[in-house]
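What follows is each chain in one-letter form.
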Amino acid sequence: MTEPASPAAHPYQDARHPRPRHVAPAASLAWLKSGWSSFTRNPGVWMAISLVFFVILVALLAIPVLGMVIAIIGFPILVAGMVLGCDAQARGEPLKVDHLFSGLRVHGAHLALVGCFYLLGTVIAGILPVLLGGLILTGLFYTELHSLSWLAVALGSAAFATGVIITIMTIMITALWFAPPLVILRDTPPLDAMKMSLSACFNNLGSFVVLGVLIYVLIWVALLPLGLGMIVLIPVL
């Protein structure tokens, strides 16, 4: 007997879950070049969008605790709005400042869920090292060690906690990187979008590291003129 053929994948399923492709590290420069090209096509509107985006985040972060929570959850929504602006511009449609908020109208709940997952990861990154460090120090409290040993253990615990935080935040940033475009343009479910983003980044680790270094340098350059360069850099990225 022959085994029944497995059902063919639905085209819509493939559209919602595109396969990540491998790119060379040099593609990082092409990414930034494409972003710059998009910006120069309508610099005035992009700077206005960037300024509104920046003001919203700064205003929210000025509110203790709650403001940060809202900023983290709302971040993918605003980013998705800029993605829709890029998409509209690429299709020859006019770019508008209110594109920044279009993510609220298109898959707003799914984008907010992406922000919630990122918030959860951020909370874990903050709490887990404290719990592990507390357990280590509690165990050592009942152990007789001289001062230099205590210092070595304390420094080791601090290094371990830092490593845990960096690892978790790296995972969360890579999971967030492509998630808003996947949700807003491909209708990919939030958790699937974050998994696919994580896979794409780690399958192109060399390219992602190069891009990260370039972005780090560009941020410092953008901050030099009283931070005003950020209103140009944000839409380029």
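Just so it is clear, the structure is predicted and the values come from calculations on it, not from any experiment.

A. Summary view of the overall build of the protein chain. Tallying secondary structure elements over the protein chain gives 10 helices and zero strands in all. Across the 237 residues of the protein chain, 34% fall into the buried class. Expressed as a percentage of contacts within the protein chain between residues at least 6 apart in sequence, the contacts between residues at least 24 apart total 69%. Carbon and sulfur atoms provide 75% of the accessible area of the protein chain, an area that totals close to 14200 Å².

B. Focus on the packing of helix α2 (residues 27-41) against helix α9 (residues 205-223). Across the interface, α2 lies against α9 with an axial gap of 8 Å and an inter-helix angle of 45°. The angle between α2 and α9 falls in the class oblique. Between α2 and α9 the crossing geometry is right-handed. Every residue of α9 that contacts α2 at Ser28, Leu29, Trp31 and Leu32 is listed here: Ser207, Val210, Leu211, Leu214 and Leu218. For the contact of α2 with α9, a count of residues per class yields seven nonpolar, two polar and no charged.

C. Examining the environment of Gly74 more closely. Within the secondary structure, Gly74 is located in helix α4 (residues 66-90). Here Gly74 falls in the buried class, since its relative accessible area comes to 19%.

Reading the values: rules and limits
- Residues numbered from 1 in each chain as written.
- Predicted model: local features only at pLDDT ≥ 70, side-chain atom pairs only at ≥ 80, totals over all residues.
- Heavy atoms only, no water.
- Helix = DSSP H or I, 4+ residues; strand = E, 2+ residues; numbered from the N terminus.
- Buried < 20%, exposed > 50% of the residue type's maximum accessible area, 1.4 Å probe, protein only.
- Contact = heavy atoms within 4.5 Å.
- Areas by Shrake-Rupley, 256 points an atom, 1.4 Å probe, with all protein chains shown as cover.
- Axes fitted to C-alpha atoms, helices over the stretch in contact; angles between N-to-C directions.
- Parallel < 35°, antiparallel > 145°, perpendicular 65-115°, else oblique.
- Left-handed = near helix turned anticlockwise from the far one by under 90°.
- Nonpolar A, V, L, I, M, F, W, Y, C, P; charged D, E, K, R; others polar.

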